[in-house]
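Observations on chain architecture
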Amino acid sequence: MTTLIEEVADLLSRSSKTIALTGAGISVESGIPPFRGKGGVWEKIDPMKFAHIDAFTKDPVSVWNVLIKGMKDLLDKARPNDGHKGLARLEELGILTSIITQNVDGLHQVAGNTDVIEFHGSFIRHFCSECNRIYATTDIKMTQIPPRCDCNGILRPDIVFFGEMIPPAALMRSQQLAETCDVMLVVGTSAFVQPAAYIPVIAKQNGAVIVEINPESTPLTNQVTDLALMGNAGETMNRVLGEIEKRIS
Ligand code: APR
């Protein structure tokens, strides 16, 4: 009998336009906690108080101390895990063309994927809230909180805070990719946050097969997903890739 892993491997081996939508879950095995669920960031801090643009504008010192400083420490140390590496290998094999990620950790690019749409921005860069000058996060000195630009404006990460718009180019390209892919791999997202959670729905409406990798079920699992692989991203990607490599060797 064909297993679900084999079924997904067959599907991916035949695909030449697979797109991945990833969320915080794919980076859990790199030591970055998710936002929701057990041990999630939003269990400890209220996103409306510390991750909303109005909170940042009103009290940047608190947002820097409670949210941004901690993120910087975690992301500085994080390295890609087998989940990220598996998606990079799928690109090398000519199966996966692009990743739409809600993550701001930059780990897909470090793993080797070349077309990564940063739907919620990136923590790799900061910019000045006065003059818009861009700084590499690695160049930011934490001697003063909040760190400031040479023009004295307050620096902020180039991420999408709650209350801010998705970068229009990212939104448009994601929609186009969802409309034209033949398989969508949805990895490690709770699918609670819109408009990201709607991307698999667009793909499905346009005929793509939706494969979900997540240890828990999500609002997509019974409504939108065709093949649900219930497991951690790293181990599951390794099993799927093991089957694909057998088919091509
Ligand atoms: N492998 C795969 N999935 C995992 C793993 C793992 N090892 N561990 C946890 N998960 C799953 C959880 O079951 C959950 O469904 O990852 C998901 C993480 O969900 P969220 O924390 O809600 O992350 P995400 O979906 O990316 O959140 C979307 O919410 O607060 C905002 O801007 C933030 O981009 C984020 C957005």
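Here is a short report on the structure shown in this document.

Rules behind the numbers
- Residues numbered from 1 in each chain as written.
- Predicted model: local features only at pLDDT ≥ 70, side-chain atom pairs only at ≥ 80, totals over all residues.
- Heavy atoms only, no water.
- Axes fitted to C-alpha atoms, helices over the stretch in contact; angles between N-to-C directions.
- Helix = DSSP H or I, 4+ residues; strand = E, 2+ residues; numbered from the N terminus.
- Parallel < 35°, antiparallel > 145°, perpendicular 65-115°, else oblique.
- Left-handed = near helix turned anticlockwise from the far one by under 90°.
- Contact = heavy atoms within 4.5 Å.
- Disulfide = S-S within 2.5 Å.
- Buried < 20%, exposed > 50% of the residue type's maximum accessible area, 1.4 Å probe, protein only.
- Expected span 1.5 Å × (residues − 1).
- Pairing = 2+ DSSP bridges.
- Phe/Tyr/Trp six-rings, centres within 6.5 Å; stacked < 30°, edge-to-face > 60°.
- Near = heavy atom within 4 Å.
- Polar contact = N/O pair within 3.5 Å; in protein donor to acceptor, adjacent residues only side chain to side chain.
- Areas by Shrake-Rupley, 256 points an atom, 1.4 Å probe, with all protein chains shown as cover.
- Nonpolar A, V, L, I, M, F, W, Y, C, P; charged D, E, K, R; others polar.
- Domains from an automatic or database assignment.

For the rest of this paragraph, the subject is the packing of helix α6 (residues 82-92) against helix α10 (residues 233-248). Viewed as axis vectors pointing N to C, α6 and α10 meet at an angle of 30 degrees, and their least axial separation amounts to 7 Å. By the angle between their axes, α6 is roughly parallel relative to α10. The interaxial crossing formed by α6 with α10 has left-handed handedness. Each of D82, G83, G86, L87, R89 and L90 in α6 lies in contact with α10, whose residues at this interface are A233, G234, M237, N238, L241, I244 and E245.

Attention shifts here to the state of the cysteines. With the rule as written, the count across this model stands at zero disulfides. A disulfide-free cysteine, C128 has its sulfur positioned 3.6 Å from the sulfur of C151, the nearest such atom. Residue classification places C128 among the buried residues on the basis of a relative accessible area of 0%.

When the terminal C-alpha atoms of α10 are compared, their 22 Å separation across 16 residues agrees well with the 22 Å that a helix rising 1.5 Å per residue should span. Of the positions making up α10, those classed as buried are A233, G234, T236, M237, V240, L241, E243 and I244. Looking at the buried side of α10, the elements it contacts are α1 (4-14), α6, β7 (183-187), β8 (209-213) and β9 (227-229).

Strand-to-strand pairing in sheets goes through backbone hydrogen bonds, with the strands running parallel or antiparallel. Taken together, the three strands give an open sheet; going across it, the order is β5-β4-β6, and neighbouring strands pair in antiparallel fashion. The sheet terminates laterally at β5 (134-136) and β6 (155-159), the two strands that pair on one side only. On average, adjacent strands in this sheet sit at an angle of 40 degrees to one another, irrespective of strand direction. Where strand β4 (residues 121-128) lies against β5, three bridges are found, and the strand directions are antiparallel. Bridge pairing links H126 to Y135 in β5. The strands touched by helix α5 (residues 60-77) are β4 and β6; relative to β4, the strand with the most contacts, the crossing angle is about 125 degrees.

Attention now goes to the packing of aromatic side chains. The geometry of an aromatic ring pair comes down to the distance between the two centres and the angle between the two planes. Tallied over the full model, the rule gives three aromatic pairs. Site record: aromatic cluster; members linked through ring pairs are F35, W42 and F162.

Okay, the environment of F162 next. Within the fold, F162 resides in the loop between β6 and α8 (168-180). As a C-alpha pair, F162 and R14 span 148 residues in sequence and 39 Å in three-dimensional space. Setting aside its immediate chain neighbours within four residues, F162 contacts R36, W42, P47, M48, A51, H52 and I53.

As a matter of local geometry, the ligand sits amid 21 residues, with F35, R36, T189, S190 and N214 nearest to it. Residue R36 places a side-chain N or O atom 2.7 Å away from an oxygen atom belonging to the ligand. One nitrogen or oxygen atom from the main chain of Q102 is found 3.2 Å from an oxygen atom belonging to the ligand. Protein contacts shield 91% of the accessible area of the ligand, which totals 730 Å² for the unbound molecule. Residue composition of the shell around the ligand, grouped by class: nine nonpolar, nine polar and three charged. For the shell around the ligand, the domains that each give at least three residues are domain 1 (1-31 + 80-120 + 166-249) and domain 2 (33-77 + 123-159).

Once that is clear, we can look at the sheet that holds strand β3 (residues 116-118). Reading across the sheet, the six strands line up as β3-β2-β1-β7-β8-β9 and stay open at both edges, with parallel pairing between neighbours. Only two strands of the sheet have a single neighbouring strand rather than two, namely β3 and β9. Going from strand to strand, the sheet's axes swing by 15 degrees on average, the running direction of each strand aside. Bridge analysis of strand β2 (residues 96-101) against β3 gives three bridges, and the strand direction is parallel. Counted as the bridge partner of I99 is V116 from β3. Where α6 meets the sheet, it contacts β1 (18-22), β2 and β7, and its direction lies at approximately 145 degrees from that of β2. Across the face of the sheet, α8 comes into contact with β1, β2, β3 and β7 while running at roughly 135 degrees to β3.

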